[in-house]
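Understanding the architecture of this molecule
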Amino acid sequence: MRADLAPQYDPTQLDTALYARWKAAGVFTAHADRTTRLGGDRVPFVIVIPPPNVTAVLHMGHGLNDTVQDVIVRWRRMAGDEALWVPGTDHAGIATQNVIERQLAQEGRTRFDLGRDAFVERTATFVTETGGVILKQLEAIGASCDWTRTAYTFSPELSRAVREAFVRLYDAGLIYKGHRVIHWCPRCLTSLSDEEAEFADERGELYQIAYPVAGHPDRRLVVATTRPETMLGDVAVAVHPDDERYRDLVGQHVVLPVVGIEIPVIADPYADPAFGTGVVKITPAHDANDFDVGVRHGLPMPVVLDEVGALREGADASGRVPESLRGLDRFDARARIVEMLRATGQLVKVEPHQHAVRHCYRCDTVVEPRLSDQWFVRMAPLAKPALEALRDKRLRVLPERWEAVYVNWMENIRDWNISRQLWWGHRIPVWYCEGCGGEPIVSREDVAACPRCGGAVRQDEDVLDTWFSSWLWPLSTLGWPNEEARDLAAFYPTDVLVTAPEILFFWVARMVMAGCFFMGREPFHTVYLHGTVRDMQHVKMSKSLGNGIDPLDVVQSFGADALRYTVIAGLGLGTDVMLDPTNLEQSFAPGRNFVTKLWNIGRFILQNLGDAPAPALADIAPGRLTRADAWILSRLDAAIAECDTALGPARPDAARGGRWAPGELYAGLRLSELVEAARRFAWNELADWYVESTKPRLGGRDGDVARAVLVHAFDAALRLLHPVVPFITETLWQAIAPRGADEFLARAAWPVRRARDDDAAREFELVREAVGAIRQIRAEYNIAPGTRVAARVTGAQDRSARVLAHEAALIGHLARADVAAGDEPGNGEAAAHAVLSDGSHVRVPLAGAIDLGKECGRLRGELEQIASLRAGIEQRLGNERFVTRAKPDVVAGERRRLEELTTRAAQLTAKVHTLCGG
RNA sequence: GGGCGAAUAGCUCAGUUGGUUAGAGCGCCUGCCUUACACGCAGGAAGUCGGGGGUUCGAGUCCCUCUUCGCCCA
């Protein structure tokens, strides 16, 4: 009826074809009208992908991130939800622009040679031709995205959302143009948000410079700075108002070295009396803190560094930059100025100084604080509801500790600089009238002429921060701002957002704010933050460091499932994953080994099914089930329960108004625990014990029972494992029973627990114990696996005697022994002994092989161990405070255990007595 | 400088509200091609749970402190 499986699982051959079948059958396509929100009967479950940069290629970070999402989505799809995973890409303003600029540089050109329109067109063409590669790559790792809904942040639809958002915020008074110090990248020639200017510790120098006090030849103020080149823009020096040392100088002037002009000494609490000399120079145009001081004191703000970071007299700076320094790069200028100060004796001291310096997150250039006009979003009003969502338990962050980080950021939020002096991105929808020069025109539609005077208009040159489109992602991908959009109605709010903590502020927190502001509802109820992929030295994997692993290499060598399994198994909640890029074989061994094991279980079952499908378990009379059957079904039940606990509640209870219940707030999404529970069931229980136990039965009278249980248990195992290893489980599931053309494990039902026979299952544990005892004896005495030994098992009570008698043959099969059950008169034959936990015992006569001294030593050792355990328990039970204060069930448990150990010890003692005469 | 987290077997990590003999994978040792699987099977070794102090009948788990490392923020 069906072909046997190949001896080796060949993922490269099977997986691609299987993915194509899923896709063609529409397995991953969600239907808005099937959701409960639109009158259907399925609860929606939605994840939006963190959109990779459109020019990106898949790396292990994506491999991890997308596998996690896929596991969750596949789980919910099987659980009966209308599951939707929205894929897409981000136009990635700076990053993509940098790619094209690098191309141009190789051609010896710059973007300015091309001009704006040509540059944008070239970038768009590049994106069209090469972009989105990563989405295709996601298919290779099995990502079950709904490809009918692929989105792009720069598409016409999403661009409309960006404009809508801008206009609404502007109209609400939450967007404004500000003149202040922002982070400037002199290489990308754009401003950056606080989040985009990343700190990195650097070793630098702290220079102490003497500023002579005007009119007091004997006095000077010494200031400390790490950036002497900015002193040309100094407009004051500040001391703390309470600082006695300088109180008399406040209001006086000092002479600015190099420049030679006089600047005032002011009192401001910003000056820290404990840092350096307590005197700080104030450079409002080139330091954000100094800017604040400048505003407080109404100081001028001369600009002495230009956009490429070279010294130049900018606004208000006339006469400040000496001829000899003009045009010098900031770092060359620093050296030159230090030399000049040294020459005039005004350099007091230079000491090494470790400090954090901001760098551009895209090109790593040291960022320059720069005074300029930029657009900002007023964040405090947006943060309020986003904080509320968390405090109200409508939003949770896993692992829990990140919630504090989220709260801290929200509470200290600063306005968001959203304008970028780039060409690749959404142009700011603001027009200025060249005619009447009135208020800027902010519009959803392009503006051709001034609505007031009909004069010519000019659009703002800047584009929006990439994240200004990303923060709308959960809304815009579902159709917002079209409030009629069916997807928006069916699938918003979404459910879980899976990402790395690095973009908690860039993206996650802002999405919550956008969702609350534009939709009146936070965009998801769970933020799942996973760790980072690192190498064995714990260094983050990256292409530039050359310690990366290409997921496609892994897929090629071991299959997507091996990759997925390995990554998920190694991923504790919020922990990093360590992989060795120099040894893929070892790194992915857990996944590869497990997948192979599954394959072979499948082969075994198939080989034993014969031509007819296995009977359904429901059709087997319960009385025909053996202890082994009851045991594996009971283990399956436990495995299902463990998997369900690991995965947790899918969403907060609607009856609680979408608020997480206290007991569930941080529960679930323990994917590594899901893997471990399912693995243990499939391998250690199903394969190691149950499959072995069926071998003698399959050809016999109750072979059909064994087949029914085998197929039932394996089928359930495949279901539990499918979210993690979708390819092999689907392949095997298709093979173990006839399936319709449209029938897929990917949309089969998640297993549910069933009634079970606990007594029979418990009795099987005695069988396992007896087998273990005989195996141990065999190993101890080096009995070759091919050699059958004789063994006798004697039950301590009627019940165990009955069980052992019934199962003697099975015990013999599993332990490679000829087992007889029941009492027998001791005939003095040399034998090895073991006592089981209920006092039953096992005797393996080994004429000639038994070393009596060794055997006695073994038994005495065991007895000693039991004795020490008993002593411990007796001590506890003898302690009156334990008995009175510990919980009753704990005490009862100890009593029960003591009883068991006592029985066992008595049996052992008797053994030792007769055997060793002690 | 502020905040957070981690320290458990050679390595990577689990250890729920304190309660049996602290677990898993990989690696290691011994023996085996047992008619699904050597990417396997059976058996095994290996941890004074970072140091010190405390609370408790009882601490890997709670508190304090020290050390080391990591992350976030300024």
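Structural notes, computed from the coordinates. Given the structure is predicted, the values throughout are model-derived calculations rather than measurements. (Residues numbered from 1 in each chain as written. Chains lettered and ligands numbered in written order. Predicted model: local features only at pLDDT ≥ 70, side-chain atom pairs only at ≥ 80, totals over all residues. Heavy atoms only, no water.)

Considerations on the overall build of chain A
- Each helix and strand in chain A was counted, giving 29 helices and 29 strands.
- Dimensions along the principal axes, computed over C-alpha positions, put chain A at roughly 120 × 65 × 55 Å.
- Burial statistics for chain A: of 918 residues in total, 55% are counted as buried.
- Considering only residue pairs separated by 6 or more positions, chain A has 76% of its internal contacts joining residues 24 or more positions apart.
- Of the roughly 38,400 Å² that chain A leaves accessible, carbon and sulfur atoms contribute 50%.
- If the 106 positive side-chain charges of chain A are averaged to one point and the 123 negative ones to another, these points end up 4 Å apart. (Helix = DSSP H or I, 4+ residues; strand = E, 2+ residues; numbered from the N terminus. Buried < 20%, exposed > 50% of the residue type's maximum accessible area, 1.4 Å probe, protein only. Contact = heavy atoms within 4.5 Å. Areas by Shrake-Rupley, 256 points an atom, 1.4 Å probe, with all protein chains shown as cover. Lys, Arg positive; Asp, Glu negative; His and termini not counted. Charge placed at Lys NZ, Arg CZ, Asp CG, Glu CD.)

Re the side chain of Gln-734
- By the element assignment, Gln-734 lies in helix 23 (residues 726–736).
- At a separation of 2.9 Å, a polar atom in the side chain of Gln-734 contacts the side chain of Glu-730.
- With residues near it in sequence (within four places) discarded, Gln-734 still touches Arg-21, Arg-739, Glu-743, Phe-744 and Leu-745. (Polar contact = N/O pair within 3.5 Å; in protein donor to acceptor, adjacent residues only side chain to side chain.)

Some details on helix 3 (residues 93–106)
- A rise of 1.5 Å per residue sets the reference length of helix 3, with its 14 residues, at 20 Å; its end C-alpha atoms lie 20 Å apart and thus fit the reference within 8%.
- Those residues of helix 3 lying buried are Gly-93, Ile-94, Ala-95, Thr-96, Gln-97, Asn-98, Ile-100, Glu-101 and Leu-104.
- Contacts from the buried residues of helix 3 go to helix 4 (111–114), helix 5 (116–130) and strand 6 (190–192).
- Among the residues trailing helix 3, Gly-108 stands out with phi positive, at a value near 75°. (Expected span 1.5 Å × (residues − 1).)

Focus on the sheet that holds strand 5 (residues 175–185)
- Read from one edge of the open sheet, four strands run 6-5-14-16, paired in antiparallel fashion. Looking along the sheet, the strands with just one partner apiece sit at the ends: strand 6 and strand 16 (416–417).
- When strand 5 meets strand 14 (residues 368–377), the two strands line up antiparallel, connected through ten bridges. Bridge pairing in strand 14 places Ile-182 opposite Arg-370. (Pairing = 2+ DSSP bridges.)

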